[in-house]
Amino acid sequence: AAAGAAPAVDAWAERAAARDLSAAELQVQLDLQAQQQSEEEGKAAAATTAVEEEEVPLYGGGAAPHVAPAAPPPAKKVGLHALRRMYESGEPLSVLTAYDYPSARLADGAGADVLLVGDSLGMVVLGQDDTTEVTVSQMVHHCQAAARGTRRALLVADLPFGAYLTPQAAASNGVRLVKEGRADAVKLEGGVRAAEQVRAMVDAGLAVMGHVGFTPQSVAQLGGYRVQGRSAAEARSLLEDAEALQEAGCFAVVLEMVPAPVAALITSKLRVPTIGIGAGGGTSGQVQVFHDVLGLYDKLSPRFSHQFARLEGPMRAALGRYCAAVKRRSFPARRHSFGMSDAETRLLEAEFGPPPPPPAPPARASRA
């Protein structure tokens, strides 16, 4: 506005000299010119504001103008029958953990067949030392969030430590994970000793996944993070555990930290898919922890995990750029803010006075 006002003043000054206008007449003309110019600029600003408010969403818009991407075609939901067809055709099953809306949305969009809301959330999300502190209520909470981000994959929820001590408790808590958490199926650890719990849940109408080998909820009892089934006797016991789960009604069995030959043997003996984690490539599918795949967990790094990306560095750098932009007042820019019409601005200023000038960027530290 200031840049456009100077030529107008000069023009009126020249006309005043030619027509010998009085100072009062000149001021009247200048006031009229300024009012017209202000109204024109107000209309232009209001139009710009309207376009910005129409095109830029309140959240998640990035930079203006924002063009919404085309909606993806509806994905066909993976159910137990689809998993069975994959298994029978020899197609490996891809399983990833997910703990909330963004992780589920990303993993589901990447094509995972199964998403597991694992009690590993105690470690990789809540920062706990192991999985035994996780409660049923926490599992329900995280399942609800993950369910909102899942369109295609089968969503499986872990029954946490202590939630299935009896068949009745297993059925009750399993129903809660499905009814309140919106999971499609539930998972529990243990073999022969958990068969009755599996039967109770199946009788209650639940789809159940089993888990044998290294069972993280029993880490203290097992003497730490140790491979299971390294002797022939232990391997035979693991096979009996897996078969017991199958006969009780499990639609799949996780094999964790089991020697590859043992996992391949168990896979060949079962009529349901096996999902391996640290069990070699001879299983029906593989499961990995979301944070391990993306290099986002700073503590335990299991030998069987693989970082397909190391995103902690780029994420930390992006967050650092944001903090630096705030410190030097380069963020937010005009496109990140909302305006109001000149008419409303004048009403506001008439009551409260003009707004204070924007704060100046901080001075750079001197190099002594």
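Residues numbered from 1 in each chain as written. Predicted model: local features only at pLDDT ≥ 70, side-chain atom pairs only at ≥ 80, totals over all residues. Heavy atoms only, no water.

Student: Before we go on, may I ask you to explain the pattern of salt bridges in this structure?
Tutor: Side chains carrying opposite charge are able to pair once their charged atoms draw close together. Summed over all chains, the structure comprises 8 salt bridges. Between Asp184 and Lys77 there is a salt bridge, with the nearest N and O atoms lying 3.0 Å from each other. Residue Asp184 is found in the loop between α7 (167–179) and β4 (185–187), and its partner Lys77 is found in the loop between α2 (23–55) and α3 (80–89); the two are separated by 107 residues along the sequence. Given a relative accessible area of 32%, Asp184 falls into the partly exposed group. For Lys77, a relative accessible area of 38% corresponds to the partly exposed category. (Salt bridge = Lys/Arg side-chain N within 4 Å of Asp/Glu carboxyl O. Helix = DSSP H or I, 4+ residues; strand = E, 2+ residues; numbered from the N terminus. Buried < 20%, exposed > 50% of the residue type's maximum accessible area, 1.4 Å probe, protein only.)

Student: Help me out: how do you make sense of the pairing of strand β2 (residues 114–117) in this one?
Tutor: Here β2 shows a buried face lined by Val114 and Leu116 and a second buried face lined by Leu115 and Val117. Sheet topology places strand β1 (residues 93–97) next to β2; 3 bridges connect them, and they run parallel. The partner of Val95 across the bridge, within β2, is Val114. In terms of handedness, the path from β1 via helix α4 (residues 101–110) over to β2 forms a crossover that is right-handed. Strand direction decides the pairing type here: β2 and strand β3 (residues 154–158), joined by 4 bridges, are parallel. By the bridge assignment for β3, Val117 is matched with Ala157. (Pairing = 2+ DSSP bridges. Right-handed = clockwise from strand over helix to strand, strands pointing away.)

Student: What's the story with the packing of aromatic side chains in this structure? I'm lost.
Tutor: The geometry of two aromatic rings is summed up by the distance between their centres and the angle between their planes. For the structure on display, the rule yields 2 aromatic pairs. Consider the rings of Phe214 and Tyr225, whose centres lie 5.3 Å apart with planes at 40°: the pair is tilted. Taken as a pair, Phe214 in the loop between β5 (208–213) and α9 (232–248) and Tyr225 in the loop between β5 and α9 lie far apart in primary sequence, 11 residues in all. For Tyr225, a relative accessible area of 42% translates into the label partly exposed. (Phe/Tyr/Trp six-rings, centres within 6.5 Å; stacked < 30°, edge-to-face > 60°.)

Student: Please explain helix α12 (residues 312–327) as it appears in this structure.
Tutor: Taking 1.5 Å per residue as the helical rise, α12 with its 16 residues ought to reach 22 Å, and the 23 Å between its terminal C-alpha atoms agrees with that figure. Taken from the residues just after α12, Arg329 is the one with a positive phi, measuring 60°. (Expected span 1.5 Å × (residues − 1).)

Student: Looking at this structure, how should I read the packing of α7 against helix α8 (residues 195–203)?
Tutor: Helix-helix packing: each pair is described by the crossing angle between the helix axes and the interaxial distance. Where α7 meets α8, the closest approach of the two axes is 8 Å, and the angle between their N-to-C directions is 45°. On the basis of their axis angle, the class for α7 and α8 is oblique. Crossing geometry of α7 relative to α8 is assigned as right-handed. Residue-level inspection shows Pro167, Ala170 and Ala171 of α7 in contact with α8, the latter providing Glu196, Gln197, Ala200 and Met201. Per-class residue counts for the contact of α7 with α8 are 5 nonpolar, 1 polar and 1 charged. (Axes fitted to C-alpha atoms, helices over the stretch in contact; angles between N-to-C directions. Parallel < 35°, antiparallel > 145°, perpendicular 65-115°, else oblique. Left-handed = near helix turned anticlockwise from the far one by under 90°. Contact = heavy atoms within 4.5 Å. Nonpolar A, V, L, I, M, F, W, Y, C, P; charged D, E, K, R; others polar.)

These results come straight from atomic positions and should not be treated as a statement about function.
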